[in-house]
Amino acid sequence: MPKRPIKQLLLIEDNAGDARLIREMFNEHGALDIELVRATTMSEAEAQLSQRTFDILLLDLGLPDSQGLDAVRRAHAAAPRVPLVVLTGMDDESLAAQALQVGAQDYLIKGQIETRGLLRALRYAVERKTMEEALFVEKERAQVTLNCIGDAVICTDASGNITFLNIVAEKMTSWSRQEANGRPMAEVFQILDANTRETTPNPMEISVEKNCTVHLPANCILVRRDGSEVPIEDSVAPIHDREGKPTGAVVVFRDVSAARAMALEMTHSAQHDFLTGMPNRMLLNDRVNQAIAWAQRHAKKVAVLFLDLDGFKHINDSLGHATGDKLLQSVAKRLVECVRGSIL
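Residues numbered from 1 in each chain as written. Predicted model: local features only at pLDDT ≥ 70, side-chain atom pairs only at ≥ 80, totals over all residues. Heavy atoms only, no water.

Along the chain, Q290 turns up in helix α11 (residues 281–297). Classification of Q290 as partly exposed rests on a relative accessible area of 35%. Once the C-alpha coordinates of Q290 and A45 are considered, the two residues, 245 residues apart in sequence, prove to be 88 Å apart. (Helix = DSSP H or I, 4+ residues; strand = E, 2+ residues; numbered from the N terminus. Buried < 20%, exposed > 50% of the residue type's maximum accessible area, 1.4 Å probe, protein only.)

This is the structure in structure tokens:
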């Protein structure tokens, strides 16, 4: 990452002596290529920042019109992308540390500043801000990418608590990212076996424990926050730190309602007559074999009844195939109504 040089510095300092000392440090080091502009109040600094761009801000925390963290917040609001270093007295070091949490990149204690330390702090502050901006851009790009894909994505930390949901995951689980953040995975991502209705073991915990990619068992359903159910397929992979240790997991899943409905429809079509909906020869062979096996296992007998439809060819030939089809459908309906649902 290329270093960004410091060309223009805004010093926000009401004490003339401290301002003169800082200016002399720049002159002493020969940093004459840095333009140092001074503002004595926060209001004056805000006016300067509205009119021109600076590479860095050097802010005293004891200004006449703004003190402490309020000064940091106002400076950060006026120039959110400009790195900020604060100046404080020896008694306010804890306050300076708090300033780092609200937007400052570094702090210097008056009376302990020397020339090289000042320039080094300013340079490092610029580099840290540049890295923060680059990290923010990468994070935004990753988030936009995750929100644009068609699959749902959920991330957890090493403890199994939610850290991220993309838009698709929010819709599928009925949990918003804000509401889900920090909650246990099992509370947001409730999955059951569709056949047994038993809770499926948490795939995140398995993935982190084994440190490998795992998949949900077949025929799983997601129980949404509103109680409705969605059949899903997924894969779970661990998230690693720089040392390769698992620090969490990410699950990618999708709604397979349409795919499973299509599969059921194709299976039904393969085993049933398209005209009458009655089982065809393939399903007949399967059921007969099952019945024979059941009869042998329980020392029972099984019978097969054949029915013949007399005169059907004459109806087809004299009245047409459309009428013949209706007759077959009518006979099939009456047969279904005459038998129970299962022979076993």
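Ordered in space as β2-β1-β3-β4-β5, the 5 strands form an open sheet in which the pairing is parallel. The strands lining the two open edges of the sheet, one partner per strand, are β2 (35–39) and β5 (106–109). With direction set aside, neighbouring strand axes in the sheet form an average angle of 20 degrees. Here helix α1 (residues 16–28) sits on the sheet and contacts β1 (8–12), β2, β3 (56–60) and β4 (84–88); the angle it forms with β2, its principal contact strand, is near 175 degrees. (Pairing = 2+ DSSP bridges. Axes fitted to C-alpha atoms, helices over the stretch in contact; angles between N-to-C directions. Contact = heavy atoms within 4.5 Å.)

Where charged atoms from two side chains of opposite charge come close, those side chains can pair. According to the stated counting rule, one finds 12 salt bridges in the structure shown. Residue R254 is joined to D151 by a salt bridge in which the shortest nitrogen-to-oxygen separation is 3.4 Å. Taken together, the residues span a long stretch of sequence, with R254 in strand β12 (residues 246–255) and D151 in the loop between α5 (115–148) and β6 (152–157) at a distance of 103 residues. In this structure, E187 engages R183 in a salt bridge whose closest nitrogen and oxygen atoms are separated by 2.8 Å. For E187, a relative accessible area of 31% corresponds to the partly exposed category. Residues joined in a network through salt bridges with shared partners are E13, D18, D60 and K110. (Salt bridge = Lys/Arg side-chain N within 4 Å of Asp/Glu carboxyl O.)

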